[in-house]
Amino acid sequence: MATSLRARPRFRRAHRRDAKPDPTARRPRRFTRRDGAVLAASAIASGSIVWLLYERILPFAGIQGFLVLWFGTFLAMYGLAVRELEGTLIAKDRVAAAAIGGVSLAIIVPLLAILGYTAWRGAVYLRAHFFTETLEFTGPEDPATSGGGLQAIVGTLEQVGIAAMISVPLGVLTAVFLNEVGGRLRRPVRVFVDAMSGVPSIVAGLFIYIILVVRADWGFSGFAGALALTILMLPTVTRTSEVVLRLVPGGLREASLALGAPEWRTAWNVVLPTARLGIITAVILGMARVIGETAPLIVTTLGNTSLNANPFDGPQDALPLRSYLLFIQGVDNQVNRAWLYAFVLIMLVLILFVAARVLGARRVGGRGERRRTREPSLDPADGVVPVSPAS
Amino acid sequence: MSPVQTEARSDPDVVTLPEPATLFAEGVHAWFGDHHVLADVTLEMPARAITALIGPSGCGKSTFLRILNRMHELVPGAALAGEIRLDGVDLYGQQMRATETRRRIGMVFQKPNPFPAMTIRENVLSGLKLSGMKLRNAGDVVERTLTQAGLWTEVKNRLDRPGGALSGGQQQRLCIARSLAVSPQVLLMDEPCSALDPTSTRRIEETMQEIAHFVTIVIVTHNMQQAQRVSQQCAFFNVEEGSPGAIVEIGPTEKIFDDPDDPRTADYVHGRFG
C-alpha cells in the first residue's frame, strides 16, 4: 500500500461544504524522523563494520579506500533496512537518492576544500594596501603582508577584459551563425571550434609568442597575453552560446519572421534577448576558463613586479602568473605571498560572477521578477503557464 | 475611400487602418522534399470575410496557410507551385520580398508565442520594430491594437510587465494585437484556439468577428463548431492514402455544414468516418 502513495495527489481541505471531518493531509514524500534515524543508523553501522574489516582484519590502509568502501556498504545496508520497513520500491528510490546525494557531496567537498584551504593560507596575509601597492620594492625576505598586488590585479583585469572584448562578439556571432544561419559551412565551423577548444594553453601562448612577440617584434605585452587568452576563450563562449541559442523556442523565430522581420533582426531582437541570461553565463564561463591561465602568460606577458597599466607596451603582471612565479622561488615568505595572490584571484572570479549575474538579471520592465519568468522562458512548454497574478 | 485617407496612407510615418484585401490562390501545389503534400488548390479568400479551412490532420491545410504568407519556404526542402495573389499582385513574383509579404499577411500560431524578453507594450510594438518601420504615436498603436484584440482593459495598467506573465488566452490575444500592429491586410490563424480553454476561445472568436471588417481572416481549425460560428466561407481539405491533400469542397459555411455536395464533406463535418 505504502509503495503506491507516490503517484497520488495530495488531499487538502477541499470538501468544506460537507460536514465531514477535515481529512488528514498525507505527504508521501516527507522525510520523517524515523527516516532520519534509519539513515543515521545505517551510516553508523556500516561505518563500524567497514572500520573493523579495514583496520583490524584486512591489510588495507588509507582514508580514501575506507570512504569508498564505507559508502558502498552504507548504501547496501540502508537499502536493506528501508526495504524491511517500507518495501522494495521505496528502498530503490531511497538508495538512488542516497547514492546521488553522496556523489554530489564527493564533488562539493573537494571544491570547498580548495576554496577553504586557499583562504586559510592566503587570507591571513591580506592587508588593505594589497590593492594599492605593488611588489616593486618587496624582496623575498619581506613578510608576505608587505607589498601588494595592484600590478597583477590591473594586469589580469586588462588582459581578461581585452580577451573578452574580442572573443565575446566573435563567439556569440559564431554561435548565431551555427544556430541561426547554418548552411554548408556549419559543419566545418563546428569541427573547427571543437578542435580549437582542445588547444593546450601553452600552445596558444607559444603561438602568440612566435608570431607576435618574436616575429612581429612586439615584445612582451599584456595585449599579447590577451590574444593568447582569446584563443582559449573563443571556443568556450561559442559552444556555450550555441547551446543556449538552441534552447530558444523555434516558435519565437517563426513569430518574428511572420511579422515581416528579416532574419538578422530576428536573431538580434528576438533570439539573443531571449537567451540573454544564458549568453551572460557563456561569457562568465569563458572568462572563468582563462582568468586562471598561467602557462600562456609566461611567454607573452612575462610578468612584472611594478605597475604597468598599458597593456600594449612592455611586460605586464597577472594574478595567476605572479602566484606561480612566487611559488617556484620556494622561500616561505614568497610561497605565502603566492597563496595570497591565489586567494585574491578566487575572490576576483567570485566578484566577476556575481556582478555579471546581477547585471544580466535586469528584468523586462523593471522590478525583481525577471528571474522567475526569465529562465523558464527558454523552455517551450513555459509559454502557456500563467506566472504572476494581476497587480 | 476619402482623399484624406489616401493622403495619409502615402505618408509612411502614419499608421492607418489597412485596406482589407482579397487573397487568391490558384493551382497551388506543395512538396516537402519529394513528398507531394498538396495538390492543385484554387481558393478565393474574399476581403471582409472569414474563411475557415477544415479537414483531417495531415491534409495540407496548415501547409497551404503557410504558403499564403511565404512561411512555407522557411522549411528546408519545401517547394511549391502555383500563384498567390493579394489584390492581384503575385506574392511570389519578382518584385515582392518575403518580409514585405509577411508584414502584409500576418500570422497567429497554434501555440501563443509572445516574446518572453519583452514587455506587453514591447510585444505589441515588436512587429513595427522588427520590420524596420518608423514608429510614431506608439501609445495610440498599443491602445488601438490591444482594444481590437479585446485585451486592453485587462492589461492597460500593466503594459510594462512581461508578456509571458499573461494567461494562455491573454497571450494569444496579445499575439493577435502584435500581428495587427503592423497593419496587415490579411491575418492567417493556424488553430489559434486549440491550446486554449472555452472561455478564452470565445474571447478570441469575438475578437475575430470584430477585426474581420478591416482585415481578411483565414483560419485553420479542427473545431467544427468554431468554423460554423466564425466563418462565412469554408474549404474542406481531405487527403487519401497515397495521394496529396486537396480541396474537396468550397462553399458558404451554412451550405458546407447543412447541405454539402460531397458525401465526404458531410461525413467529416458530422463526425462520421470510415
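Given the structure is predicted, the values throughout are model-derived calculations rather than measurements.

## Concerning the overall build of chain A
Here is step 1 of the chain: The number of helices and strands found in chain A is 14 helices and zero strands.
Here is step 2 of the chain: N-terminal to C-terminal, the α/β element order of chain A is α-α-α-α-α-α-α-α-α-α-α-α-α-α.
Here is step 3 of the chain: Burial analysis of chain A (391 residues in total) assigns 34% to the buried set.

## Focus on the overall build of chain B
Here is step 1 of the chain: Within chain B, the regular secondary structure consists of eleven helices and ten strands.
Here is step 2 of the chain: The C-alpha radius of gyration of chain B comes to 19 Å, within 12% of the 19 Å expected for a compact globule of 274 residues.
Here is step 3 of the chain: C-alpha atoms of chain B, sized along the principal axes, occupy 55 × 45 × 40 Å.
Here is step 4 of the chain: Counting contacts in chain B only where the partners sit at least 6 residues apart, residues at least 24 apart contribute 70% of the total.

## Let's talk about the packing of helix α3 (residues 88-122) of chain A against helix α13 (residues 332-360) of chain A
Residues and elements named next belong to chain A.
Here is step 1 of the chain: Between α3 and α13, whose axes approach to 8 Å, the crossing angle comes to 130 degrees. Considered as vectors, α3 and α13 are oriented oblique to each other. Crossing hand, α3 versus α13: left-handed. Across the interface between the two elements, Leu 115, Thr 118, Ala 119, Arg 121 and Gly 122 of α3 pack against Trp 339, Leu 340, Ala 342, Phe 343 and Ile 346 of α13.

## Here's the deal with the nonpolar core
Soluble globular proteins tend to pack their nonpolar side chains together in the buried interior.
Here is step 1 of the chain: In terms of nonpolar packing, the biggest core is built from 145 residues, with A:Tyr341, B:Leu53, B:Leu68, B:Ala177, B:Leu188, B:Val218 and B:Phe236 touching the most fellow members.
Here is step 2 of the chain: Looking at this core, the element that brings in the most residues is helix α7 (residues 222-246) of chain A, giving 13 residues.
Here is step 3 of the chain: Aside from chain neighbours lying at most four places away, what touches B:Leu53 is B:Lys61, B:Phe64, B:Leu65, B:Val218, B:Val220, B:Ala235 and B:Phe237.

## Quick notes on the interface of chain A and chain B
Here is step 1 of the chain: Between chain A and chain B, the contact holds 28 residues from the first and 37 residues from the second.
Here is step 2 of the chain: Mapped onto the side of chain A that touches chain B, the elements with two or more residues apiece are α8 (250-258) and α9 (263-274) of chain A.
Here is step 3 of the chain: The element contributing the most residues to the side of chain A that touches chain B is α8(A), with seven residues.
Here is step 4 of the chain: When its residues are assigned to classes, the side of chain A that touches chain B shows 13 nonpolar, twelve polar and three charged.

## With respect to the sheet that holds strand β8 (residues 216-220) of chain B
Either a parallel or an antiparallel arrangement is found when strands of a sheet pair, and the pairing is made through backbone hydrogen bonds.
Residue and element names in this part refer to chain B.
Here is step 1 of the chain: Pairing within the open sheet is mixed, and its six strands lie in the order β6-β7-β8-β3-β9-β10. The strands lining the two open edges of the sheet, one partner per strand, are β6 (105-108) and β10 (246-252). Averaged over all pairs of adjacent strands, the angle between strand axes in this sheet comes to 20 degrees, irrespective of strand direction.
Here is step 2 of the chain: Where β6 meets strand β7 (residues 186-190), four bridges bridge the pair, whose relative direction is parallel.

## Side note on unusual backbone geometry
Residue and element names in this part refer to chain B.
Here is step 1 of the chain: You will see that Asp 40, though not glycine, has its phi angle at about 50 degrees, which is positive.
Here is step 2 of the chain: For Asp 40, the location among the structural elements is in strand β2 (residues 35-45).
Here is step 3 of the chain: Classification of Asp 40 by C-beta neighbours within 10 Å gives partly exposed; the count is 13.
Here is step 4 of the chain: A positive phi is found at Glu 191, a non-glycine position, where the angle reads about 45 degrees.
Here is step 5 of the chain: Locating Glu 191 in the fold gives a position in the loop between β7 and α8 (198-211).

## So, the sheet that holds strand β4 (residues 78-86) of chain B
Residues and elements named next belong to chain B.
Here is step 1 of the chain: What the four strands build is an open sheet, ordered β2-β1-β4-β5; its pairing is antiparallel. Two strands close off the open sheet at either side, each with one partner strand: β2 and β5 (89-90).
Here is step 2 of the chain: Alignment of strand β1 (residues 23-32) against β4, held across eight bridges, turns out to be antiparallel. Note that in β4 the partner of Leu 23 across the bridge is Leu 86.
Here is step 3 of the chain: Strands in contact with helix α2 (residues 61-68) are β1, β2 and β4; relative to β1, the strand with the most contacts, it is inclined by about 120 degrees.

## Observations concerning helix α6 (residues 201-215) of chain A
All names here are of chain A.
Here is step 1 of the chain: Taking 1.5 Å per residue, 15 residues should reach 21 Å; α6 reaches 20 Å between its end C-alpha atoms and fits that length.
Here is step 2 of the chain: When the local axis directions of α6 are compared, the greatest deviation, roughly 35 degrees, occurs at Tyr 209.
Here is step 3 of the chain: Along α6, the residues that are buried comprise Ala 204, Gly 205, Ile 208, Tyr 209 and Val 213.
Here is step 4 of the chain: Turning to α6, the residues buried within the fold contact α7 and α11 (295-298).
Here is step 5 of the chain: In the segment just after α6, Asp 217 is the residue with positive phi, at about 60 degrees.

## Description of the pairing of β4(B)
Residue and element names in this part refer to chain B.
Here is step 1 of the chain: Where β4 lies against β5, two bridges are found, and the strand directions are antiparallel. Bridge assignment links Arg 85 to a residue of β5, and that residue is Asp 90.
Here is step 2 of the chain: Counting the residues in the hairpin turn of β4 and β5 gives two residues, including Asp 87, whose phi is positive at 50 degrees.

## Digging into the domain arrangement of chain A
When the parts come together, some accessible area is lost, and that loss is often what is quoted as the size of the interface.
Here is step 1 of the chain: Under the domain assignment used here, chain A contains domain 1 (32-120) and domain 2 (150-362).
Here is step 2 of the chain: Distance between the C-alpha centres of domain 1 of chain A and domain 2 of chain A: 40 Å.

## Description of the environment of B:Arg102
Here is step 1 of the chain: Here B:Arg102 shows up in helix α3 (residues 98-104).
Here is step 2 of the chain: Remark: the alpha-carbon pair of B:Arg102 and B:His213, spanning 111 residues in sequence, is separated by 20 Å.
Here is step 3 of the chain: Not counting residues within four places of it along the chain, the set of residues in contact with B:Arg102 comprises A:Leu257, A:Ala258, A:Leu259, A:Gly260, B:Asn69 and B:Arg70.

## Notes on the packing of helix α5 (residues 138-148) of chain B against helix α7 (residues 168-181) of chain B
Residue and element names in this part refer to chain B.
Here is step 1 of the chain: The interhelical angle for the contact between α5 and α7, taken along N-to-C directions, is 130 degrees, at an axis separation of 8 Å. With respect to α7, the element α5 is oriented oblique. Regarding α5 and α7, the two cross each other, and that crossing is right-handed. Within the contact between the two elements, α5 uses Val 141, Thr 145, Leu 146 and Gln 148 and α7 uses Ala 177, Leu 180 and Ala 181.
Here is step 2 of the chain: In the contact of α5 with α7, the residues fall into five nonpolar, two polar and no charged.

## Section: the confidence of the model for chain B
For any part of a model where pLDDT is low, the fine detail of the predicted coordinates should not be relied upon.
All names here are of chain B.
Here is step 1 of the chain: With 93% of its residues at a pLDDT of 70 or more, chain B shows a mean pLDDT of 88.
Here is step 2 of the chain: The element-level mean pLDDT for chain B is lowest in helix α1 (residues 3-10), coming to 40, with strand β3 (residues 50-54) highest at 95.
Here is step 3 of the chain: This stretch, residues 1-15, has a pLDDT under 50; its non-local contacts, to residues over four places away or in other chains, come to ten contacts.
Here is step 4 of the chain: Interface predicted TM-score (ipTM) for the complex: 0.88; the corresponding pTM is 0.79.

Rules of the game
- Residues numbered from 1 in each chain as written.
- Chains lettered and ligands numbered in written order.
- Predicted model: local features only at pLDDT ≥ 70, side-chain atom pairs only at ≥ 80, totals over all residues.
- Helix = DSSP H or I, 4+ residues; strand = E, 2+ residues; numbered from the N terminus.
- Buried ≥ 20, exposed ≤ 12 C-beta atoms within 10 Å, placed from the backbone.
- Rg over C-alpha atoms; globule rule 2.2 N^0.38 Å.
- Contact = placed C-beta atoms within 7 Å.
- Axes fitted to C-alpha atoms, helices over the stretch in contact; angles between N-to-C directions.
- Parallel < 35°, antiparallel > 145°, perpendicular 65-115°, else oblique.
- Left-handed = near helix turned anticlockwise from the far one by under 90°.
- Core = buried A, V, L, I, M, F, W, Y, C linked by C-beta atoms within 7 Å.
- Nonpolar A, V, L, I, M, F, W, Y, C, P; charged D, E, K, R; others polar.
- Pairing = 2+ DSSP bridges.
- Expected span 1.5 Å × (residues − 1).
- Bend = angle between axes of the 7 residues up to and from the residue.
- Domains from an automatic or database assignment.
- pLDDT = per-residue confidence, 0-100.

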